[in-house]
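What the coordinates show
The residues making up each chain are set out below.
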Amino acid sequence: MSDDVMISLENVSKRYRGQKAPAVEDVSMTIHRGEIVVLVGPSGCGKTTTMKMINRLIEPSSGRITLDGADVTSLDATELRRRIGYVIQQGGLFPHMSVATNVGMVPKMLGWDRRRIDARVDELLDLVGLEPGQFRNRLPGQLSGGQQQRVGVARALAADPPVMLMDEPFGATDPLTREHLQNEFLRLQEKLQKTIVFVTHDFDEAIKMGTRIAVLGERSMIRQFDTPERLLAAPADQTVAQFIGAGASLKQLNLRRVGAIEYDQAQLVRPDESPATVLRRLDESGDWAVLTVDSDQRPLRWVAPRDLTPHQTNLEGLGIPAATVDARATLRDALDAMLTCSCGAAVVVDDDGRYRGVVGIDRLMRAIGEMRDTERDHDRGITEPAWHGSSGSWKLAVPAQPGGSR
Ligand code: ADP
Ligand code: MG
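Every chain begins its residue count from 1, and numbering advances along the sequence as written. All chains are assigned letters beginning with A, and all ligands numbers beginning with 1, in the order in which they are written. Under the rules for a predicted model, residues below a pLDDT of 70 receive no local features and side-chain atom pairs below 80 are neither given nor counted, while totals for whole chains, interfaces and linings still include all residues. Side-chain numbers come from the whole structure's heavy atoms, not from hydrogens or water.

**Side note on the side chain of aspartate 326**
- Only runs of H or I of at least four residues qualify as helices and only runs of E of at least two qualify as strands under DSSP, and these elements are numbered from the N terminus. Within the secondary structure, aspartate 326 sits in strand β15 (residues 324-326).
- Looking at aspartate 326, the relative accessible area reads 10%, which means it is buried.
- N or O atoms within 3.5 Å of each other form a polar contact, as long as, within protein, one can give a hydrogen and the other can take it, and as long as residues adjacent in sequence are counted only when both atoms are side-chain atoms. Polar side-chain contacts of aspartate 326 include one of 3.1 Å to the side chain of arginine 187.
- Any two residues having at least one pair of non-hydrogen atoms within 4.5 Å are treated as being in contact. Apart from the residues lying within four places of it in its own chain, the contact partners of aspartate 326 are Asn183, Arg187, Val258, Val348 and Val349. Throughout this description, buried means an accessible area under 20% of the type-specific maximum (1.4 Å probe, protein chains only), exposed means over 50%, and partly exposed covers the range between.

Here's what the structure looks like:
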């Protein structure tokens, strides 16, 4: 089992000069290879201090930290940068340096030659979804928040470190960008299998990202260290329960991925088809709208009968834009997507943005109902397999839309 341990903190404390109380007091925890451990707790509770002691940006006042079995105090700064990538808000990029220089910083420090660094930079930009030719020479200030964050992740991955420390990495981005970055990062992690310590003050983010979650109280004292499922089902004490907050059932939506439930199917039509085709397809299926898709099966818009007028020859630009989610999105993300497009459905797409299916509001409600039942059975000690898709046909239920469809 100890083979499996990547990071351990043993009775670690940190007292800042001139502070009465320690910022971190007597923290012990073990982090296994390949897991994402989330440290979640209120602002000022010592999350950043705890994290920075792992890569020795801050020295502990007492206690011991090991990385892959070695005491971190025995490793020099270069070795630590090679083995631990570090990502902070907005990527923590140097504003006067190009994207390429930022990403190539650790390899340069490690003495790689120019060509190897250039090749690695391009490989990494590709990996995080930024076209190298387009982004290599830009300055951070010329990028959006989400793009800066991707560059920050690329930079942390530069020397292929086994461990990544991420301090509120997506905190400065708007909710939609944050959701994308979270999903992209989870996708990347499926491939890379890094050991990750992830700090956030957002409990929903903790539930989504964590293999295990450490709920921290003041001075980083661990209130509970458990899987997301266990945390929601059995908070260790009143403080944790309060932190989870009201609506634990609704928070369960953060646990379940879109890919784990059965999809509904929409009527797909190309935008160059006629209104008559739409009416026929709806008549046959009983749906309220068809979904237009491009030649690569990428979803475009929902078109309902009320969007049609007799003199139209095709469906170009009609209806409302479809909201899409990928299979890694949580049911909570799907719900948000439905509410944003006010069409009562989220279209599930694959990694290339192609249509896979639809999660309608009915389906989502049913999933919530099942979760409640499972919770109840669990409380009664019944151990049924937790999740299986329910059958049933899909009729998109459209919520009332004041002001028509646009
Ligand atoms: P968090 O990341 O959870 O918001 P921090 O680790 O940044 O918390 O801070 C924990 C506590 O330590 C806070 O009370 C903060 O004011 C204090 N602190 C952080 N850095 C320093 C420092 N360099 N000197 C003195 N006190 C600090
Ligand atoms: Mg912090």
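**Some remarks on the environment of phenylalanine 198**
- With respect to the element layout, phenylalanine 198 can be found in strand β8 (residues 195-200).
- Taking C-alpha positions, phenylalanine 198 is 8.1 Å from proline 169, a pair spaced 29 residues apart along the chain.
- When near neighbours in sequence (up to four residues on either side) are disregarded, phenylalanine 198 contacts Ile36, Val37, Val38, Leu39, Met51, Met166, Pro169, Phe170, Glu205 and Met209.

**Describing the pattern of salt bridges**
- What makes a salt bridge here is a side-chain nitrogen of Lys or Arg within 4 Å of a carboxyl oxygen of Asp or Glu, nothing more. Taken as a whole and judged by the stated rule, the model has 28 salt bridges.
- Note that arginine 187 and aspartate 351 form a salt bridge whose closest N and O atoms lie 3.6 Å from each other. Of this pair, arginine 187 sits in helix α8 (residues 175-192) while aspartate 351 is found in the loop between β16 (345-349) and β17 (355-360), placing the two residues 164 residues apart along the sequence.
- A relative accessible area of 26% places arginine 187 in the partly exposed class.
- Several salt bridges converge on common partners, so that one network encompasses Arg187, Glu190, Asp326, Arg328 and Asp351.

**Focus on the sheet that holds β16**
- The mixed open sheet is built from three strands, whose spatial order is β15-β16-β17. Unpaired on one side and paired on the other, β15 and β17 mark the two borders of the sheet. In this sheet, neighbouring strand axes are inclined to one another by 35 degrees on average, regardless of whether the strands run parallel or antiparallel.
- Strands were regarded as paired on the criterion that DSSP finds at least two bridges between them. Direction of pairing for β16 relative to β17: antiparallel, over a ladder of five bridges. Directly across from valine 349, in β17, lies its bridge partner tyrosine 355.
- The convention used is that axes are lines fitted to C-alpha atoms, helices contributing only their stretch in contact, and that angles between N-to-C directions extend from 0 to 180 degrees. Sitting on the sheet, helix α14 (residues 331-341) touches β15, β16 and β17, and the angle it makes with β16 is about 125 degrees.

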